[in-house]
Amino acid sequence: MQLRPRIIPSLTIIGTDLVKTTQFKKPRYIGDPINAVKIFNGKGVDELCVLDISATVNNQTPNFKLLEEIASEAFMPLSYGGAITTMDEVKKIISIGYEKVVFNKSFYFNEKLIRDAVTFAGSQSVVISIDVKRTILGKYKCYHSSGQIYSGLMLEEALLKAENLGAGEIIVNSIDNDGKMNGYDEELIKLLANVIQIPVVIIGGAGKLTDFKRAFDLGIHA
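Residues numbered from 1 in each chain as written. Predicted model: local features only at pLDDT ≥ 70, side-chain atom pairs only at ≥ 80, totals over all residues. Heavy atoms only, no water.

## Things to note about the overall build of the chain
Here comes step 1: The secondary structure content of the chain amounts to eight helices and eleven strands.
Here comes step 2: A globule of 222 residues ought to have a C-alpha radius of gyration of about 17 Å, and the chain, at 16 Å, matches this closely.
Here comes step 3: Dimensions of the chain, computed from the C-alpha atoms along their principal axes, are close to 45 × 40 × 40 Å.
Here comes step 4: The burial tally for the chain puts 52% of its 222 residues in the buried class.
Here comes step 5: Partitioning the contacts of the chain with sequence separation of at least 6, the portion at a separation of at least 24 is 65%.
Here comes step 6: Entry remark: accessible area of the chain is about 10,800 Å², with carbon and sulfur atoms responsible for 52%. (Helix = DSSP H or I, 4+ residues; strand = E, 2+ residues; numbered from the N terminus. Rg over C-alpha atoms; globule rule 2.2 N^0.38 Å. Buried < 20%, exposed > 50% of the residue type's maximum accessible area, 1.4 Å probe, protein only. Contact = heavy atoms within 4.5 Å. Areas by Shrake-Rupley, 256 points an atom, 1.4 Å probe, with all protein chains shown as cover.)

Set out below in structure tokens:
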């Protein structure tokens with residue numbers, strides 16, 4: 001079955017601030033995430049992904065107060081990722097109105113949490129986020145903790161692991177292309193389209209409408 005391409009904006013937050021990074025560095029304040037949600041309400045987007053890029057690094061827990069505020073304003077399905085380490089957190093995120101939970105660091109170190117989340121919420125609600133850097137040989141290494149720490153896995157290994165754990169979707173973020181707005185990494189997209197069967201979301205590099213069309217033509221889902 002051919003899946004309809006989806007447009008899913010990603011809101012990256014630090015604390016209560018909406019920020020933009022370039023290659024996962026130099027976060028720039030760009031506004032209030034609540035206001036951004038209100039803007040996207042009228043844009044007809046398919047989903048909104050909220051990613052806290054500082055909580056894990058700072059050993060914090062999800063900011064549930066902010067997440068509740070976002071959920072109360074959003075008219076579209078929501079996903080959230082950032083410092084999710086327990087099933088209690090998974091259950092709370094789902095209970096306050098998020099359709100999906102997104103795992104990054106926990107994916108590499110806590111397989112039981114991923115499996116338990118799948119059992120509780122279903123595969124369709126469990127997303128694995130994989131941050132990658134391209135090596136000089138054209139391979140892709142996977143990183144966690146805001147792209148700071150090499151996970152020990154290459155991309156192909158991580159993709160298959162995510163699929164085997166029962167995740168229903170995978171987000172792949174190109175650290176090299178993050179924030180540069182000069183187009184997606186097409187070799188990365190081709191690899192993603194050929195390795196696994198579950199839906200893949202690509203982040204990092206879009207700067208114009210033709211970038212989206214090119215990604216969809218190469219086999220990406222969102």
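Next comes the rest of the write-up.
## Details of the packing of aromatic side chains
Here comes step 1: According to the stated counting rule, one finds four aromatic pairs in the structure shown.
Here comes step 2: When the centroid spacing of 6.4 Å and the interplanar angle of 75 degrees are considered together, the rings of Y80 and Y98 count as edge-to-face. Taken together, the residues span a long stretch of sequence, with Y80 in strand 5 (residues 78-81) and Y98 in the loop between helix 3 (87-95) and strand 6 (100-103) at a distance of 18 residues.
Here comes step 3: For Y80, a relative accessible area of 0% corresponds to the buried category.
Here comes step 4: For the cation-ring pair, K133 lies above Y143, with the distance from its terminal atom to the ring centre recorded as 4.7 Å. (Phe/Tyr/Trp six-rings, centres within 6.5 Å; stacked < 30°, edge-to-face > 60°. Lys NZ or Arg CZ within 6 Å of the ring centre and 35° of its normal.)

## So, helix 2 (residues 64-73)
Here comes step 1: Looking at helix 2, one finds that the buried residues are F64, L66, L67, I70 and A71. Burial along helix 2 is one-sided: seen end-on, the buried residues are contained in an arc of 155 degrees. Of the exposed residues in helix 2, the ones pointing more than 90 degrees away from its buried face are K65 and S72.
Here comes step 2: Taken together, the buried residues of helix 2 touch strand 1 (10-14), helix 1 (33-41), strand 4 (48-52), strand 5 and helix 3. (Arc of directions from axis to C-beta.)

## Description of unusual backbone geometry
Generally, phi is negative for residues other than glycine and the peptide bonds are trans, each holding for most cases.
Here comes step 1: Despite not being glycine, K26 has its phi angle at roughly 50 degrees, a positive value.
Here comes step 2: In this structure, K26 sits in strand 3 (residues 25-31).
Here comes step 3: On the basis of relative accessibility, which here comes to 71%, the residue K26 falls in the exposed class.
Here comes step 4: In this structure, S145 takes a positive phi of about 55 degrees despite not being glycine.
Here comes step 5: By the element assignment, S145 lies in the loop between strand 8 (140-144) and strand 9 (149-154).
Here comes step 6: By relative accessible area, which is 6% here, S145 ends up buried.

## So, the environment of S146
Here comes step 1: Tracing the sequence through the fold places S146 in the loop between strand 8 and strand 9.
Here comes step 2: Taking C-alpha positions, S146 is 25 Å from I96, a pair spaced 50 residues apart along the chain.
Here comes step 3: Residues in contact with S146, not counting those within four places in the same chain, are F24, I53 and V57.
Here comes step 4: Polar contacts involving the side chain of S146 include one to the main-chain carbonyl oxygen of I53, which spans 2.4 Å. (Polar contact = N/O pair within 3.5 Å; in protein donor to acceptor, adjacent residues only side chain to side chain.)

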